[in-house]
Amino acid sequence: MKEHIDTIPLWEAFREEGECPLCRLHSRNEAKYREYFMGASVMEPDVRVETNKKGFCARHYGQMFRMSNRLSLALSTHTYLKDVISRVEEDAKAREGAPKKAGLFSRRSAAAPADAAGVEAVAGTCILCERLEDTMRQYVETLYVTWKKESEFRRVFATGKGFCLPHYAQLLREAPKNLSGGDLAEFTKTLIQTERENLARIEKELEWFTLKFDYRNADKPWGNSEDAVERTLNKLRMLSIPFKDDEPEARPK
Ligand SMILES: [Zn+2]
Ligand SMILES: [Zn+2]
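Residues numbered from 1 in each chain as written. Chains lettered and ligands numbered in written order. Predicted model: local features only at pLDDT ≥ 70, side-chain atom pairs only at ≥ 80, totals over all residues. Heavy atoms only, no water.

**Points about the coordination of the zinc ion (ligand 2)**
Summarising the metal site, the zinc ion (ligand 2) is bound by the protein donors C57 (SG), H60 (ND1), C126 (SG) and C129 (SG), whose distances to it range over 2.0 to 2.3 Å. Around the zinc ion (ligand 2), the 4 donor atoms sit at angles spanning 101 to 115°, and that spread fits a shape best called tetrahedral. Owing to a relative accessible area of 23%, C129 belongs among the partly exposed residues under this scheme. (Donors = N, O, S within 2.8 Å, 3.2 Å for Na, K, Ca; no water. Tetrahedral: all angles 85-135°; square planar, octahedral: opposite > 155°, others 65-115°. Buried < 20%, exposed > 50% of the residue type's maximum accessible area, 1.4 Å probe, protein only.)

**Re the coordination of the zinc ion (ligand 1)**
Donor atoms from the polypeptide that coordinate the zinc ion (ligand 1) comprise C20 (SG), C23 (SG), C164 (SG) and H167 (ND1), at 2.0 to 2.3 Å from the metal. Metal-centred angles of 102 to 116° between the 4 donor atoms at the zinc ion (ligand 1) mark the site as tetrahedral. Considered as a linear motif, the donors of the zinc ion (ligand 1) on their single chain read C-x2-C-x140-C-x2-H. Here C164 and H167 have matching classes, each one buried.

**A short note on the packing of aromatic side chains**
Within the structure shown, the criterion is met by 14 aromatic pairs. For the ring pair F14 and F153, a centre distance of 4.9 Å and an interplane angle of 65° mean the geometry is edge-to-face. Of this pair, F14 sits in helix α1 (residues 2-15) while F153 sits in helix α9 (residues 151-159); the two residues are 139 residues apart in sequence, bridging distant segments of the chain. A network of ring pairs unites the aromatic residues W11, F14, Y144, W147, F153, F157, F163 and F187 as a single cluster. In this structure, R154 is placed above the aromatic ring of W147, and the distance from its NZ or CZ to the ring centre is 3.8 Å. Geometry around W222 places K212 over its ring, the cationic atom sitting 5.1 Å from the centre. (Phe/Tyr/Trp six-rings, centres within 6.5 Å; stacked < 30°, edge-to-face > 60°. Helix = DSSP H or I, 4+ residues; strand = E, 2+ residues; numbered from the N terminus. Lys NZ or Arg CZ within 6 Å of the ring centre and 35° of its normal.)

**Digging into the confidence of the model for the protein chain**
The predicted model of the protein chain has a mean per-residue pLDDT of 89, with 89% of residues at 70 or higher. Every residue in residues 106-111 is under pLDDT 50, and counting partners more than four places away or in other chains gives 6 contacts. (pLDDT = per-residue confidence, 0-100. Contact = heavy atoms within 4.5 Å.)

**Re α9**
For α9, the full list of buried residues reads F153, V156 and F157. All buried residues of α9 project into a common sector of 100° when viewed along the axis, lining one side. With respect to the buried face of α9, the exposed residues turned more than 90 degrees away are S151 and T159. (Arc of directions from axis to C-beta.)

**Some points on the packing of helix α3 (residues 45-54) against helix α8 (residues 127-149)**
Orientation of α3 relative to α8, taken along the N-to-C sense of each, is 115°, at an axis distance of 9 Å. On α8, the residues that touch V47, E50, T51 and K54 of α3 are I127, E130 and R131. Classifying every residue of the contact of α3 with α8 by side-chain character gives 2 nonpolar, 1 polar and 4 charged. (Axes fitted to C-alpha atoms, helices over the stretch in contact; angles between N-to-C directions. Nonpolar A, V, L, I, M, F, W, Y, C, P; charged D, E, K, R; others polar.)

**Remarks on the side chain of N234**
Relative to the elements of secondary structure, N234 occurs in helix α12 (residues 228-237). Setting aside its immediate chain neighbours within four residues, N234 contacts C164, L239, S240 and I241.

**Section: unusual backbone geometry**
One non-glycine residue, E17, lies in the positive phi region at around 55°. In this structure, E17 sits in the loop between α1 and α2 (21-38). Its identity as a non-glycine residue notwithstanding, M238 has a phi of 55°, on the positive side. Turning to its location among the elements, M238 is positioned in the segment after α12.

**Some points on a nonpolar patch on the surface**
Residues L165, L199 and L236 make up a contiguous nonpolar surface patch of about 200 Å² in total accessible area. By the element assignment, L165 lies in helix α10 (residues 165-178). By relative accessible area, L165 is classed as partly exposed at 30%. (Patch = residues over 30% accessible without salt bridge, like charges linked within 9 Å, V, L, I, M, F, W, Y side chains within 5 Å. Areas by Shrake-Rupley, 256 points an atom, 1.4 Å probe, with all protein chains shown as cover. Salt bridge = Lys/Arg side-chain N within 4 Å of Asp/Glu carboxyl O.)

**Things to note about the pattern of salt bridges**
Counted under the stated rule, the structure contains 27 salt bridges. With a shortest N-O distance of 2.7 Å, E50 and K54 are connected by a salt bridge. Of this pair, E50 and K54 both sit in helix α3, separated by 4 residues, roughly a single helical turn. Residue class for E50 comes out partly exposed when judged on its relative accessible area of 24%. Here K204 and E207 are joined by a salt bridge, their closest N and O atoms 3.6 Å apart. Taken together, the positions of K204 and E207, both in helix α11 (residues 181-211) and 3 residues apart, correspond to about one turn of that helix. A residue is classified by how much of its surface remains accessible, and E207, at 34% relative accessible area, is partly exposed. Several salt bridges converge on common partners, so that one network encompasses E19, R201, E205, D227, R231 and K235.

This is how it looks when you write it as structure tokens:
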């Protein structure tokens, strides 16, 4: 049942024929989670407790700061900050209280953190990243299953524009865990072929972008090259430039 629910956004992302359907899914779900953590999640005590414990990473704090609901961000950050202060306090007390043994172990015991979840762990957590990674893991698993079962999906997959490099690498890496035998061989072959063709295509589009700056080409048509720079950046490094509709506040007008 779950598989059925997850298949629809997957199809939609592939039918958009963008540079990377998995980036599109990532971006859409990231936007949904942002809305959720800035709004609806405050109604759910379990989620609130977890948010107060984990906070967000730099990327997601940045995105939420650019959204309009500054009060909601301030409230959740304030609660998280108080939790951070208590844990920094706990860690500091444990360090002050660490026994100062003479000799071999003295230096090590003074530097030892209070527990495994010391200040390092406090600084490195993001509840949104955790949720999003889990969602994307499910979509990628569903991608292999759908490719295996549906010939129409195989066609859309083969005639698409390939993937960004990180997702291309991920699909190659995880294929043997999800497919085997002839399926694995065919999937890998199609994936590589599509990626090669589309890297070659985008290289030409980017080149034409640069050539358009030559005065002799000024009157010639742009073709597909007008947005070639941002599409290439996203092809190389996932979501370097955000999708307009998923994160309008990050795009200059
Ligand atoms: Zn991607
Ligand atoms: Zn994050």
